[in-house]
Each structure stands twice: as C-alpha cells, then as structure tokens.
Amino acid sequence: MKTPPETGRPDRQARAVRLGPRSVVALLLVSAIGVAAFGWPLLAGPSSQVSAHAQDAPWLFAGLLVLLVGVVAAAVSEGGVGPKAVAMLGVLAATGAALRPIGAGTAGIEPMFFLMVLSGRVLGPGFGFVLGSVTMFASALLTGGVGPWMPFQMLSMGWFTMGAGLLPGPDRLRGRAEVLMLAAYGFLAAFAYGTVMNLAGWPFLDSLSSSVTFQAGAPLHENLVRFLAYCLATSLGWDLGRAALTVVLTVTVGPALLRALRRATRRAAFEAPVTFEGTEP
C-alpha cells in the first residue's frame, strides 16, 4: 500500500476534514441551534417562564451529540474523514483534555486554548469544530466537570477552534505575521468564549443585584447593558487571564508547534488517495 507523493507547493496546507456541501449544511445547522440555545432568553416575552427551562441542558446535550455525529457522518460520506484524521483527532483531543486540568481553571489559566487555536489553523474549520467539541467533552469527563453547562462549553469550544481555521491565508501566510495573527485571534476569541459562556447561565441567575440580572420581557438593549455589566463585574479578570496565557503560549511555543502539526499533516497525507500495489505470486 502506498500514497502518492504530494504535488504542488511543498508547504501547501493539508486539511484533515474538508468542508463539502453536506458538511457545511450540518455545521450551519449545529451553529443555528447553538445560537438559539444561547440567545433565546433575550427574546423571551414577559410572560415566559425562563427559569422553567434552566434544566433543559441534558436535552441540548443529547441533540448536540446527534448533530455532531451528523457533522462527522457528512464529512465521512464526502471523503473528508478517514482513519488518519480520526487518529489525529484522538491524539489532539486527548492532549487538549490533559492540558485543561493543569491550571484547574485558576484565574483563567487554561493552556488548552492555545492548542485549539493552532490545531484549527493547521487542520481547518471542519476538523476544528469537531476537535473543539470532542476535547471539551473529554476534558469534562476527565475533570468531573459534567453538568448543565457542558453542551454549551462544547458548542463554544467548537466555534472557538473552527474560527481559527477560517482565518485568512492558510496556504500562504507564514512566519511572524501568522503567529501574531493567531495570537490576536486567541486573545479576542478567549474573551468571546467567556462572554458566550456567561450568556448560557446569566438569564437563570436570580441572586445578584438587580442592576446586572436578566429581566424577562425587558427591551433587548436594556438586557444587553445588564449583561455587559454582569460580564465586567464577574468574569473580566478570568477572561483576561485566559486571553493573556493564550497569547504568551502562542507567541513562544506556537512557531514550533505549527511546524510540527504541518509536518505531521503532510506525512499523514490526509487528502492523498490510498492505492494498493499488486504483488507477484
């Protein structure tokens, strides 16, 4: 068995999961449902019982798993996922899950985020979304962090990693400019992750002061102002620590890890068709 040598530019970006039409549709469906799951309380009427849905996370988790399997199945049917990609997914997800407990979430010290940025950049948005979701699921099992927040974490981390794969210049931009772009993305996306996760739980908190609590039926802009005040009061320091660590690790370790990931991806030749040589009896 052999794989044909690579053609074209030697540094051409290889993708473990190519986004075909069915994969794109599946990702859009997952993302649309995720946006609705995060944001529907902001549009709920004054007579809606928001708190009555605070325990719906298990249903969201079950639906997310089905949709995640749908994303993978769509990629498999389009030839985008093979055994090499699955092996790479397992290795990176296990590494990310192992990195998460290092800081135990103290002051936002979460080194797994920089690995997700670099992996999404090298391996593409389709692989990135699956990797982010699976890594968060595995780390929750490893750390005992299973709860109603887990499906929201899986969605948020999937978006976080997918975003790195959507950054410009995947086949051309290299060197310091690329590292700085990834560091800037990691900084901003780390804040975005924390903000989105705040939104998952904020509408169901009723023990805070009235100036930052969610008010069902209030105009959208008023609730957004309350939500901003809530984020500034409760998670700004935490998100800043996560963002700063992501930048530091991306700048210091990023160049070497990018080279290693690209070398492994080229050698795996995800996109090369496998052929079998005949043997003489």
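Given the structure is predicted, the values throughout are model-derived calculations rather than measurements.

**Overview of the environment of P170**
As for its position among the elements, P170 is in the loop between helix 6 (150–165) and helix 7 (176–201). Taking C-alpha positions, P170 is 9.5 Å from L123, a pair spaced 47 residues apart along the chain.

**Points about the confidence of the model for the protein**
Taken residue by residue, the protein gives an average pLDDT of 76. The fraction at 70 or more is 70%. This stretch, residues 1–11, has a pLDDT under 50; its non-local contacts, to residues over four places away or in other chains, come to 20 contacts.

**So, the packing of helix 4 (residues 112–123) against helix 5 (residues 125–143)**
Interaxial distance between helix 4 and helix 5 falls to 7 Å at its minimum, and their mutual angle equals 155 degrees. Looking at the two axes, helix 4 sits roughly antiparallel to helix 5. Regarding helix 4 and helix 5, the two cross each other, and that crossing is right-handed. On helix 5, the residues touching M112, M116, S119, G120 and L123 of helix 4 are P125, F127, G128, L131, G132, T135 and M136. Along the lines of polarity and charge, the residues of the contact of helix 4 with helix 5 split into seven nonpolar, five polar and no charged.

**A few points about the packing of aromatic side chains**
A complete count under the given rule lists four aromatic pairs for this structure. Ring centres 5.1 Å apart and planes at 90 degrees place the aromatic pair F113 and F160 in the edge-to-face group. Taken together, the positions of F113 in helix 4 and F160 in helix 6 put the pair 47 residues apart, joining distant regions of the chain. In this structure, F113 and F160 share a single accessibility class: buried. Taking 6.0 Å as the distance between ring centres and 50 degrees as the angle between the ring planes, the aromatic pair formed by F160 and Y185 counts as tilted. Taken together, the residues span a long stretch of sequence, with F160 in helix 6 and Y185 in helix 7 at a distance of 25 residues. Taken together, the ring pairs in this structure connect F113, F160, Y185 and Y193 into an aromatic cluster.

What counts and how
Residues numbered from 1 in each chain as written. Predicted model: local features only at pLDDT ≥ 70, side-chain atom pairs only at ≥ 80, totals over all residues. Heavy atoms only, no water. Helix = DSSP H or I, 4+ residues; strand = E, 2+ residues; numbered from the N terminus. pLDDT = per-residue confidence, 0-100. Contact = heavy atoms within 4.5 Å. Axes fitted to C-alpha atoms, helices over the stretch in contact; angles between N-to-C directions. Parallel < 35°, antiparallel > 145°, perpendicular 65-115°, else oblique. Left-handed = near helix turned anticlockwise from the far one by under 90°. Nonpolar A, V, L, I, M, F, W, Y, C, P; charged D, E, K, R; others polar. Phe/Tyr/Trp six-rings, centres within 6.5 Å; stacked < 30°, edge-to-face > 60°. Buried < 20%, exposed > 50% of the residue type's maximum accessible area, 1.4 Å probe, protein only.

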